[in-house]
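One-letter residues, chain by chain:
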Amino acid sequence: MPELDFEIPVHSLNPVMDLLVEKGIFIRWLFLNEDRGTFSIRLVVPNVGMEEILLNLARILNENVEISIVHIVYGEKHLEKIDQAFLVPLEIGDSKYPVVVFMEFDFNPRVPSKVVIITEKERSEDIIKAILGSQIGPFTLEDPSNIKIVNEPNMIKIIVKSSPRAQPVQSRF
């Protein structure tokens, strides 16, 4: 099961803990950094519901947060694969909408093989237009041949696949 590793401000701990208790998420560790006024958290989440957990965290935190996603494979060799997710409150007019930018790395540790942008199902038309007008590193989201939009019961996912020859991503979110 993947582990999510991230840092949040102290004032955000209670709402995050409420979500974790509600969803039955296992906390591997939790550290207070008094100097920074933050908590570092590592969670163990099921692979199947990880995207929904990320979107729920984005709703609760309503601020930019970087999350490292560690996949540990035990067996003959101990392997780790690290992916990244960014929780971004997308501002459209006077409103903020939770957006998750999930980057999966397979063939190059600096170039994602797949980028999945996740947002809420409701009020999604404005959000999708704003996202599709953006650019994430080498990915231009205005070209419909580069993207696939998937409607799920609780979220909308915009999937962008990369090629092994793509350049490193420098996010503009």
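For the structure itself, consult the block above.
> Hey, could you go over the pattern of salt bridges for me, with residue numbers and the actual values?
Under the defined criterion, the tally for this structure stands at ten salt bridges. The residue Glu52 makes a salt bridge to Lys23 at a minimum N-O spacing of 4.0 Å. Of the two residues, Glu52 is situated in helix 2 (residues 50-61) and Lys23 in helix 1 (residues 13-23); the sequence distance between them amounts to 29 residues. Exposure remark for Glu52: the relative accessible area of 31% places this residue in the partly exposed category. Of the residues examined, Lys23 reaches a relative accessible area of 35% and is grouped as partly exposed. As a salt-bridge pair, Glu120 and Arg59 come within 3.0 Å of each other at their nearest N and O atoms. With Glu120 in strand 7 (residues 114-120) and Arg59 in helix 2, this pair connects stretches of sequence that are 61 residues apart. Owing to a relative accessible area of 8%, Glu120 belongs among the buried residues under this scheme. Salt bridges sharing partners connect three or more residues here, namely Glu3, Asp5, Arg28 and Arg42.

> I'd like a rundown of the nonpolar core, residues and numbers included.
One finds Leu4, Phe6, Leu54, Leu57, Ile67 and Leu87 to be the most contacted residues of the largest nonpolar core, which totals 30 residues. Ranked by the residues each element gives to this core, the list is headed by helix 2, at seven residues. With near-sequence residues (within four places) excluded, Leu87 lies in contact with Leu54, Leu57, Ala58, Leu61, Glu63, Asn64, Val65, Ile67, Val99 and Val100.

> Give a detailed account of unusual backbone geometry, specifying residues and quantitative values.
Its identity is not glycine, yet Asn62 carries a phi of approximately 50°, on the positive side. You can see Asn62 is positioned in the loop between helix 2 and strand 4 (65-73).

> Help me get a handle on the sheet that holds strand 4, residues and values and all.
Spatial strand order, 2-3-1-4-5-6-7-11-10: nine strands in an open sheet with antiparallel pairing. Sheet topology places strand 2 (26-33) and strand 10 (147-151) at the edges, where each strand pairs with a single neighbour. Within the sheet, the average angular offset between the axes of one strand and its neighbour, ignoring direction, is 20°. Bridge count between strand 4 and strand 5 (residues 79-92): nine bridges; the pairing is antiparallel. Paired with Ile69 across the bridge in strand 5 is Asp83. The strands that helix 1 touches are strand 1 (3-9), strand 2 and strand 3 (38-44); relative to strand 3, the one it contacts most, it runs at about 10°.

> Account for the side chain of Arg42, naming residues and giving values.
Structurally, the position occupied by Arg42 is in strand 3. Only 3.5 Å separates the side chain of Arg42 from the side chain of Asp5, close enough to count as a polar contact. Those residues in contact with Arg42 that sit more than four places away from it in its chain are Glu3, Leu4, Asp5, Phe26, Ile27, Arg28, Trp29 and Val70.

Criteria and thresholds
- Residues numbered from 1 in each chain as written.
- Predicted model: local features only at pLDDT ≥ 70, side-chain atom pairs only at ≥ 80, totals over all residues.
- Heavy atoms only, no water.
- Salt bridge = Lys/Arg side-chain N within 4 Å of Asp/Glu carboxyl O.
- Helix = DSSP H or I, 4+ residues; strand = E, 2+ residues; numbered from the N terminus.
- Buried < 20%, exposed > 50% of the residue type's maximum accessible area, 1.4 Å probe, protein only.
- Core = buried A, V, L, I, M, F, W, Y, C linked by side-chain atoms within 4.5 Å.
- Contact = heavy atoms within 4.5 Å.
- Pairing = 2+ DSSP bridges.
- Axes fitted to C-alpha atoms, helices over the stretch in contact; angles between N-to-C directions.
- Polar contact = N/O pair within 3.5 Å; in protein donor to acceptor, adjacent residues only side chain to side chain.

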